[in-house]
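Results of the structural survey
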Amino acid sequence: MQRTILASFSIEMVVRNYRILLSGFAPTIITIFFMNFINCDKITNDIDESQQFCRASGGLMLPLDQFPSYSCATCYRHIDERLFENGTKFQQAGLYLRNRTSGELFEAAFANTTSPIFKTFRTRKVENLWIQCCQAAVRCCENMRRTPPSSDQFFCPRTWDGWNCWPDTPNGTVAKAICPSYIYFHSDEPQCTHYATKTCWENSTWFRNHKGNEYSNYSTCGQSKV
């Protein structure tokens, strides 16, 4: 049996008010409105300067000067090979993107529009969607620092998965997030709202696929999975 709980981003409130409800339902679906989570103005303007790391896909805890480039390179890696000029797609190498022909490395900095990275995209639309993904990752990191970490041990940790920002999520639940507009490379964004999901196991770890990678399900968005 599944139960859907509508909740704000206040995870502490979710735990206090719904801990009893969560027991007996495996997994429970929690619908969290992530637009509030990534909207800086709706949380606070105070950034916790002591929090010097942000969590990226795979559980990597990256310092603030590395997170933007790494997450932007990950956004690039998730783009369909067919959306690049023939044979020009670069390969992710940590914070950088590598030209497969010359071996030259370029930092994945979306603000540097003179970078050879921009010449690899087949269309301006794909280029703009990549930039939007990079910008969303930066906002995600900022809000990880704005939102106090949960004091409860029964949570999967907040993370950027390469496409979306997921907050601290109670164990034994399935978090649900609106599919971001920048993943629709092959079509227009759908008129109705679609959702991606991410499962937090009872042991407070994110579900991993058969390759051992933390997994978010974007199949209902009409896109490949991350």
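Residues numbered from 1 in each chain as written. Predicted model: local features only at pLDDT ≥ 70, side-chain atom pairs only at ≥ 80, totals over all residues. Heavy atoms only, no water.

Turning to the packing of aromatic side chains, a few remarks are in order. Think of a pair of aromatic rings as described by two things: how far the centres are apart, and how the planes are tilted against each other in angle. All chains considered together, the criterion is met by 11 aromatic pairs. Their ring planes at 65° and their centres at 5.7 Å tell us that tyrosine 76 and phenylalanine 121 sit as a pair that is edge-to-face. Taken together, the residues tyrosine 76 in helix α3 (residues 67-77) and phenylalanine 121 in the loop between β7 (105-107) and α4 (124-146) connect sequence positions 45 residues apart. The pair formed by tyrosine 76 and phenylalanine 121 is uniform in burial state, with each residue classed as buried. Connected via pairs of aromatic rings, a cluster forms that spans Tyr76, Phe84, Phe118, Phe121 and Trp130. The positively charged end of lysine 198 is found above the aromatic ring belonging to tryptophan 206, 5.1 Å away from the centroid. (Phe/Tyr/Trp six-rings, centres within 6.5 Å; stacked < 30°, edge-to-face > 60°. Helix = DSSP H or I, 4+ residues; strand = E, 2+ residues; numbered from the N terminus. Buried < 20%, exposed > 50% of the residue type's maximum accessible area, 1.4 Å probe, protein only. Lys NZ or Arg CZ within 6 Å of the ring centre and 35° of its normal.)

Another aspect to go through is the nonpolar core. Membership of the largest hydrophobic core comes to 47 residues, with the highest contact counts inside it found for Trp130 and Trp160. Considering every element that reaches this core, the biggest residue donor is α4, with 11 residues. The residues contacting tryptophan 130, other than those within four sequence positions of it, are Cys72, Cys75, Tyr76, Ile79, Phe110, Ile117, Phe118 and Phe121. (Core = buried A, V, L, I, M, F, W, Y, C linked by side-chain atoms within 4.5 Å. Contact = heavy atoms within 4.5 Å.)

This paragraph deals with the state of the cysteines. Taken as a whole, this structure holds 6 disulfides when the rule is applied. Through a disulfide, cysteine 75 is tied to cysteine 133; the S-S separation comes to 2.1 Å. Between cysteine 75 and cysteine 133 the disulfide shows an S-S torsion of about -75°. By sign, it is left-handed. Of the two residues, cysteine 75 sits in helix α3 while cysteine 133 sits in helix α4, which places them 58 residues apart along the sequence. Side by side, cysteine 75 and cysteine 133 carry an identical accessibility label, which is buried. (Disulfide = S-S within 2.5 Å.)

In terms of burial, α3 is largely enclosed, as 9 of its 11 residues are buried. Buried within α3 we find Phe67, Ser69, Tyr70, Ser71, Cys72, Ala73, Thr74, Cys75 and Tyr76.

Their axes nearest at 9 Å, the elements α3 and α4 cross at an angle of 140°. Comparing the axis directions of α3 and α4 gives the class oblique. Remark: the crossing between α3 and α4 carries right-handed chirality. In this structure, α3 contributes Phe67, Pro68, Ser71, Cys72, Cys75 and Tyr76 to the contact, and α4 contributes Trp130, Cys133, Cys134, Ala137, Val138 and Cys141. Its residues assigned to classes, the contact of α3 with α4 comprises 11 nonpolar, 1 polar and no charged. (Axes fitted to C-alpha atoms, helices over the stretch in contact; angles between N-to-C directions. Parallel < 35°, antiparallel > 145°, perpendicular 65-115°, else oblique. Left-handed = near helix turned anticlockwise from the far one by under 90°. Nonpolar A, V, L, I, M, F, W, Y, C, P; charged D, E, K, R; others polar.)

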